[in-house]
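Listed below are the residues making up each chain.
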Amino acid sequence: MLATVAVHLPKTLRVSEDQFGAIVQANPDLRLELTATGELIAMSPTGSESGSYNSELTADVAIWNRRTKLGKVFDSSSGFRLPNGAIRSPDVAWVALERWAALSPDQRQGFAPLCPDFVIELRSATDDVATLQNKMQEYIDNGCRLGWLVNPKTRTVEVYRPDAAPETVPFTATLSGESVLPGFELNLHSLLP
């Protein structure tokens, strides 16, 4: 009989990108990220409500993208190797088609070596908001052109753009994909009641 065993990682543990890839391959059921300093982060599964919200957000971006055919949409299980060396998995990510097409088949199979053009992070009940804010800034610092940090607890969204301070907007506002996702609009008030 197999027993479930919790894995506890020392906060000082540092791994290389190759070691990270080996750990991910050996543990396909774990959701892991790697910081730019080599810290391995194991993320717990989200609650059912957060998972449902995340699915809805991914679906909205995917439906827009299916209509426009401007890029590729990724869910929270997709990892990206950012220019700073971190391997991150945004809850929702979108990459412009020309950037995706420039990758080799091997690069597409692994952790794509680029920062998405657009990301959404959805705060779950157990997430530390400061950690998520730092992660959003990391995306922007690595080339992301637009990011949304969705916080159901405060019913606000922090909008991240290059060369600008984050802007906080209420769920009652309609979010725009701006020039990054042209024509994309999202009304969180109806999506996350």
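Residues numbered from 1 in each chain as written. Predicted model: local features only at pLDDT ≥ 70, side-chain atom pairs only at ≥ 80, totals over all residues. Heavy atoms only, no water.

The biggest cluster of nonpolar side chains holds 25 residues, and the ones touching the most others in it are F118, W148, V157 and L188. Among the elements of the structure, helix 2 (48–68), strand 6 (92–96), strand 7 (118–122), strand 8 (146–151), strand 9 (156–160) and helix 6 (188–191) are those that each provide at least two residues to this core. With 4 residues, helix 2 is the largest single contributor of residues to this core. Those residues in contact with V157, other than ones at most four positions away along the chain, are W148, L149, V150, E167, T168, V169, F171, L175 and L188. (Core = buried A, V, L, I, M, F, W, Y, C linked by side-chain atoms within 4.5 Å. Buried < 20%, exposed > 50% of the residue type's maximum accessible area, 1.4 Å probe, protein only. Helix = DSSP H or I, 4+ residues; strand = E, 2+ residues; numbered from the N terminus. Contact = heavy atoms within 4.5 Å.)

Attention now goes to the state of the cysteines. Taken as a whole and judged by the stated rule, the model has 0 disulfides. Here C115 stays free of any disulfide, with the sulfur of C144 as its closest cysteine sulfur at 5.1 Å. Given a relative accessible area of 2%, C115 falls into the buried group. (Disulfide = S-S within 2.5 Å.)

A pair can form between side chains of opposite charge whenever their charged atoms are brought close. A complete count under the given rule lists 6 salt bridges for this structure. Residues K135 and E121 are paired through a salt bridge, measuring 3.2 Å at the closest nitrogen-oxygen approach. Here K135, found in helix 5 (residues 129–141), pairs with E121, found in strand 7; they are 14 residues apart in sequence, far enough to count as distant. Residue K135 shares its accessibility class with E121, and that shared class is buried. R161 is the partner of E178 in a salt bridge, and the nearest nitrogen-oxygen pair spans 2.7 Å. Here the residue E178 occupies a position in the loop between strand 11 (174–176) and strand 12 (185–187), and R161 occupies one in the loop between strand 9 and strand 10 (167–170), the gap between them amounting to 17 residues. For R161, a relative accessible area of 24% gives the class partly exposed. Each of the salt bridges in this network shares a partner with another, and the network as a whole consists of R99, D117 and R145. (Salt bridge = Lys/Arg side-chain N within 4 Å of Asp/Glu carboxyl O.)

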